[in-house]
Amino acid sequence: MNADKTFTILDKEQLIPGQTSKLVVSAPQIALKAKPGNFVILRIAEKGERIPLTIADTDPEAGTITMVYLVMGKSTAMLDELDKGDEILDLCGPLGKPTHISTEAGTVVCVGGGTGVAAMHHIAKGHHRAGNKVVAVIGARSKDLLLFERELGQFCDKVLIATNDGSAGVQGFVTGVLQDYLENESDIGEVVAVGPVPMMAAVAETTRPFEVKTTVSLNSIMLDGIGMCGACRVTVAGDTRFACVDGPEFDGHEVDFTELSNRLAAFKTMEQAAHDHYCKCKCDD
Amino acid sequence: MTEPIKKKKKPLAPRVPMPNQPPAERVKNFEEVALGYTYELAVNEARRCLQCKKPLCVKGCPVEVPIPQFIAHLAEGNVGLAYETIKTTNSLPAICGRVCPQENQCEGACILNKKDQPIAIGRLERFAADQYVHIDACDLLTGRRDCVPVDPSKRVACIGSGPSSLTVAGYLSSRGVKVTVFEALHEVGGVLVYGIPEFRLPKDRIVAKEISALGLQEVEFVTNSVGGKTFSIQDLFDRGYQAVFIGVGAGLPKFLNIPGENQNGVYTSNEYLTRVNLGRAYDFPNYDTPVIRAKNVTVYGGGNVAMDAARTALRLGAESVRVVYRRTVADMPARREEIEHAEEEGVIMETLAAPLAFSGDDRFNLTSVKLQRMELGEPDASGRRSPVPVEGATYELDTDLAIIAVGTRANPLLISNEPELKLNDWGYVQVDEKTGETSIPNVFAGGDIVTGAATVILAMGAGRRASKCIAKRLGCEREGD
Ligand SMILES: Cc1cc2nc3c(=O)[nH]c(=O)nc-3n(C[C@H](O)[C@H](O)[C@H](O)COP(=O)(O)OP(=O)(O)OC[C@H]3O[C@@H](n4cnc5c(N)ncnc54)[C@H](O)[C@@H]3O)c2cc1C
Ligand SMILES: Cc1cc2nc3c(=O)[nH]c(=O)nc-3n(C[C@H](O)[C@H](O)[C@H](O)COP(=O)(O)OP(=O)(O)OC[C@H]3O[C@@H](n4cnc5c(N)ncnc54)[C@H](O)[C@@H]3O)c2cc1C
Ligand code: SF4
Ligand code: FES
């Protein structure tokens, strides 16, 4: 089988300059198999680390996948240096269990925060294609930082917006908007949340009293992404689960979010060192 | 009749010791610990072999290397012939010479092991292979300048690139089959690359060389490609592969299931070794993959994996490294040589102890472990004395890095996506013992995904068995196979 051997960047768009970009990459094999909820693991340089990114969209016919990333540390900064025509060294996927999409979910409320909106977008699209009514709730600090508003508008029944400064939609957090919606609407079959850990935890707490099924997509630290190392382990309903092969989506009401945030901080100092080292090397060039 | 009596009288020379890097030096680097025999040492050791008429050593070897024959060539100083002889049944001799548990296999069976020290078969294998790793494999395998021409209509796919798949690739390509090896990670070699550390098995100098010899036989390697995800088994048949070999290893790590295990500073051996070996974390921040460098390291388990993790931690600058094991050193499943090397380097064997709980600071970082003193009880049905807790005897050790090396379970990645594949009671792939064929026709499996965590040579033996059957089906087995 001609598995993909080169992964060329066909298009790059800066969604939020210097912070968030969108890449369209040639990866026919992955595009063919990828479903909402899947992610890839990529490596940018010979000395680079393996980092996971969600598949935000696919075009199986064109043989492409789309990824949206937030520049966090060294690896994503290096990714951001690449441009149209450049190649990604390694791209492995689609990984993770696809989103469970029932055709009779009723209304699915998809909540997205920050870069998570991109991942949420693919999930929302999957629910829409299955015939479910989809309501999107997206949030950001201000209007300029909102992602995928237009894309979501194309198939969502409603796109509700919350910004911290009130420059678009309601002023406040996505959880406020969600709370309102939960109080006023009754046909909600499922809530999906993708975003920063504190946001997902807050969404799970918001829906808990309403007893609405709540799915979260966990961004735990990963290494191999194929279930061999255990780096991505999370506690769900008291059991140890691997986000890369058992997830990344889990029942938000059962996830130990405190542990997850603590585990995400494991390499803080080292990542800072890597980033400083990288900046220094770039200056030395 | 006078001959053999004479031989018996001649006292046997002692086994030629292996030159090693001195312990104080080697804990400061990742260079290979065992330096290898010189030509002289090898010939001397080879001359100790009795050349038994009924060689027991061969029976002890899972791939049946013609041991007395290759040793005879070495004793005569003909290293090339020795290498060719080994290569007739073993396509990765430089690797096997380094990591096989010879004491339980060929050397364990060697007639001399009864009364004296056995022939150092592994070291001799390693010596012969090391002299030739740089040479085109086809030359030596076929006696011809060129490889057997590959017939593109005969195609076989291997999933996973560990020793079992590499053996299949070597065997079938030398019979003209076009083999493609699909690997999920970005480097090929399986545990040989991401598990076993550099100081025991050099990646560039040895593993990559033996693998590139396969490349010369037109084996195609496709990385970043996950069976069950990037492609299914059916996809492979649809693309024209006539047989599939599954060699995906047994990845999913086991845990201790004790409190505090998910704190930062508690790694599985797979995570630790993969960060260091595959990610080259020993060279952080020059390489980007980070790993915790700790002061007081504790490792849980008693096998090769535990020794590798412990010795890696020493090399990354730990002040104290303890291997915590429920039984005694004599009961440890690791190779003797690895235990001895670890002890020489300063690893402390914290035996007759079992972990009860990990504690940490308010920032979720591991700080200590609570241990339970154990003692050996009555022998159980298997004759093994099982460890039992000594009541009230618990104690605490400082530890800022804990590495869990207590085994693995079957990795669900491929098998959970292939419902047709029958599994055995332990969750591993079920195969026909003689051929390695699975419940899906023309799909074979071998190595750790069939046996559970085992050894390189057993994985290779399984690859060889499956290859023979596949070659027969494709009509390309050679005489005598
Ligand atoms: C399943 C999954 C899907 C993801 N999808 C996206 C996405 O679509 N867009 C996006 O911007 N980000 C996504 N992430 C997070 C992304 O992987 C991290 O931002 C990235 O690894 C940071 O790397 P860095 O070197 O730039 O930063 P670093 O300096 O290495 O790390 C900064 C922070 O990122 C997190 N992080 C570091 N390494 C990893 C790792 N290997 N895996 C996960 N988190 C890590 C940690 O919280 C860390 O403190 C996803 C993570 C997971 C697990
Ligand atoms: C640290 C350590 C030390 C060891 N020391 C020794 C020793 O001294 N002597 C000894 O004899 N044995 C040793 N072993 C055991 C030995 O390495 C294994 O038994 C042997 O490697 C198993 O070979 P395998 O062919 O089954 O596959 P593996 O070597 O396990 O390789 C499997 C490969 O398949 C890939 N893979 C997994 N899933 C998929 C998928 N779905 N699609 C594509 N690829 C996939 C994996 O990434 C991996 O590269 C050690 C093991 C470890 C972990
Ligand atoms: S059993 Fe020992 S002595 Fe006899 S042939 Fe084999 S290696 Fe030589
Ligand atoms: S990332 Fe290694 S097991 Fe999930």
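The shown structure was predicted, so the numbers you read here are calculated from the model rather than taken from an experiment.

## Here we look at the overall build of chain A
Within chain A, the secondary structure is distributed over eight helices and 17 strands. In terms of overall size, chain A behaves like a compact globule, its C-alpha atoms giving a radius of gyration of 18 Å where 285 residues would be expected to give roughly 19 Å. Along the longest, intermediate and shortest principal axes, the C-alpha atoms of chain A span 60 × 40 × 40 Å. Counting over 285 residues, chain A shows a buried share of 58%. Long-range contacts, defined as pairs at least 24 residues apart, comprise 65% of the intrachain contacts of chain A with a sequence gap of at least 6. The centroid of the 26 positive side-chain charges in chain A is displaced by 4 Å from the centroid of its 39 negative side-chain charges.

## Considerations on empty space enclosed by the protein
Rolling a probe over the atoms, with the probe sized like a water molecule, indicates the empty space that remains. Summed over all chains, the structure comprises seven cavities of 30 Å³ or more. Empty space within the largest cavity amounts to approximately 130 Å³. Elements supplying a minimum of two residues to the lining of the largest cavity: α7 (257–264) of chain A together with β5 (266–268) and α15 (269–278) of chain B. If one sorts the elements of the lining of the largest cavity by residue count, α7(A) sits on top with three residues. Of the residues that constitute the lining of the largest cavity, the class distribution is ten nonpolar, four polar and four charged.

## Some points on the site of ligand 3
Around ligand 3 lies a shell formed by B:Cys49, B:Leu50, B:Cys52, B:Leu56, B:Cys57, B:Pro68, B:Cys110, B:Ile111, B:Ile119 and B:Ile121. The class makeup of the residues in the shell around ligand 3 is ten nonpolar, no polar and no charged.

## Observations regarding the domain arrangement of chain B
Interface size is commonly expressed as the accessible surface area that is lost when the partners come together. Residue and element names in this part refer to chain B. Taken domain by domain, chain B holds domain 1 (23–133), domain 2 (147–251 + 410–474) and domain 3 (255–407). Taking the mean C-alpha position of each, domain 1 and domain 3 sit 31 Å from one another. If you look at the interface, domain 1 gives 13 residues, while domain 3 gives 14 residues. Overall, the association of domain 1 and domain 3 removes approximately 1100 Å² of surface from exposure, summing both partners, and the carbon and sulfur fraction of that is 52%. A per-residue breakdown of the area domain 1 buries against domain 3 is headed by Arg 26, Val 27 and Phe 30, which together make up 50% of the total. Between Arg 26 and Glu 345 there is a salt bridge, with the nearest N and O atoms lying 2.5 Å from each other. Our count for the domain 1 to domain 3 interface comes out at nine residue pairs in polar contact (both at pLDDT 80 or more). Mapped by element, the contributors of at least two residues to the side of domain 1 that touches domain 3 are α2 (23–26) and α7 (93–99). Each residue belonging to the side of domain 1 that touches domain 3 can be placed in one class, and the counts come to seven nonpolar, two polar and four charged.

## A closer look at the pattern of salt bridges
All names here are of chain B. In the structure shown here, the tally under the stated rule is 33 salt bridges over all chains. The closest approach of N and O atoms between Glu 345 and Arg 311, which form a salt bridge, is 3.0 Å. Note that Glu 345 is positioned in helix α17 (residues 336–345) and Arg 311 in helix α16 (residues 304–315), a separation of 34 residues in sequence. A salt bridge links Glu 437 to Arg 473; the shortest N-O distance between them is 2.7 Å. On the criterion of sequence distance, the pair formed by Glu 437 in the loop between α18 (412–415) and β13 (443–445) and Arg 473 in helix α20 (residues 456–473) is long-range, its members being 36 residues apart. Its relative accessible area of 44% is what places Arg 473 among the partly exposed residues.

## Here we look at the interface of chain B and chain A
Listed by partner, the interface residues are 49 residues for chain B and 47 residues for chain A. Contact with chain A buries surface across chain B, with B:Lys229, B:Asn262 and B:Asp288 losing the most and accounting together for 16% of the total. For the interface between chain B and chain A, the tally reads two salt bridges. Ionic pairing is found between A:Lys74 and B:Asp288, a salt bridge with its closest N-O pair at 2.4 Å.

## Focus on a nonpolar patch on the surface
A surface patch of nonpolar side chains, about 210 Å² in accessible area, is lined by B:Leu50, B:Leu56 and B:Ile111. Among the structural elements, B:Leu56 can be located in helix α4 (residues 56–59).

## Quick word on the sheet that holds strand β11 (residues 385–398) of chain B
In sheet architecture, strand pairing relies on hydrogen bonds along the backbone and comes in two forms, parallel and antiparallel. All names here are of chain B. Strands sit in the order β9-β10-β11 across an open sheet of three strands; the sheet is antiparallel. Two strands lie at the open edges of the sheet, namely β9 (353–360) and β11, each paired on one side alone. Each strand axis lies, on average, 20 degrees off the axis of its neighbour in the sheet, ignoring direction. Looking at chain direction, strand β10 (residues 366–379) and β11 are connected through nine bridges and run antiparallel. Across the sheet, the residue bridging to Met 374 is Pro 389, located in β11.

## Comments concerning the packing of aromatic side chains
For any two aromatic rings, the description comes down to two numbers: the centre-to-centre distance and the angle of the planes. All chains considered together, the criterion is met by eight aromatic pairs over all chains. Between A:Phe242 and B:Phe255 the ring centres are 6.0 Å apart and the planes differ by 85 degrees, which places this aromatic pair in the edge-to-face class. Of this pair, A:Phe242 sits in strand β16 (residues 239–242) while B:Phe255 sits in the loop between β4 (243–246) and β5, placing the two residues on different chains. The class for A:Phe242 is buried, based on a relative accessible area of 4%. Look at B:Tyr300 and B:Phe358: their rings are 5.6 Å apart centre to centre, the planes differ by 85 degrees, and that puts the pair in the edge-to-face class. In this pair, B:Tyr300 is assigned in strand β6 (residues 296–300) and B:Phe358 in strand β9, connecting sequence segments 58 residues apart. Over the ring of B:Tyr241 we find B:Arg155, and its NZ or CZ is 4.3 Å from the ring centre. If you follow B:Arg175 out to its NZ or CZ, it ends over the ring of B:Tyr171, 3.8 Å from the centre.

## Here we look at the pairing of strand β1 (residues 7–16) of chain A
Residue and element names in this part refer to chain A. Pairing of β1 with strand β7 (residues 87–88) involves two bridges; the strand directions are antiparallel. Following the sheet pairing, Phe 7 is matched in β7 by Ile 88. Note: β1 against strand β2 (residues 20–26), six bridges, orientation antiparallel. Across the sheet, residue Asp 11 finds its bridge partner in β2, namely Val 24.

So, how was this worked out
Residues numbered from 1 in each chain as written. Chains lettered and ligands numbered in written order. Predicted model: local features only at pLDDT ≥ 70, side-chain atom pairs only at ≥ 80, totals over all residues. Heavy atoms only, no water. Helix = DSSP H or I, 4+ residues; strand = E, 2+ residues; numbered from the N terminus. Rg over C-alpha atoms; globule rule 2.2 N^0.38 Å. Buried < 20%, exposed > 50% of the residue type's maximum accessible area, 1.4 Å probe, protein only. Contact = heavy atoms within 4.5 Å. Lys, Arg positive; Asp, Glu negative; His and termini not counted. Charge placed at Lys NZ, Arg CZ, Asp CG, Glu CD. 1 Å grid on protein atoms, 1.4 Å probe; cavity = no way out; pocket = protein on both sides within 12 Å on 5 of 7 lines; lining within 4 Å. Points joined across faces, edges and corners; volume = space filled by probe spheres on them. Nonpolar A, V, L, I, M, F, W, Y, C, P; charged D, E, K, R; others polar. Near = heavy atom within 4 Å. Domains from an automatic or database assignment. Buried area = accessible area lost by both parts, 1.4 Å probe. Salt bridge = Lys/Arg side-chain N within 4 Å of Asp/Glu carboxyl O. Polar contact = N/O pair within 3.5 Å; in protein donor to acceptor, adjacent residues only side chain to side chain. Patch = residues over 30% accessible without salt bridge, like charges linked within 9 Å, V, L, I, M, F, W, Y side chains within 5 Å. Areas by Shrake-Rupley, 256 points an atom, 1.4 Å probe, with all protein chains shown as cover. Pairing = 2+ DSSP bridges. Axes fitted to C-alpha atoms, helices over the stretch in contact; angles between N-to-C directions. Phe/Tyr/Trp six-rings, centres within 6.5 Å; stacked < 30°, edge-to-face > 60°. Lys NZ or Arg CZ within 6 Å of the ring centre and 35° of its normal.

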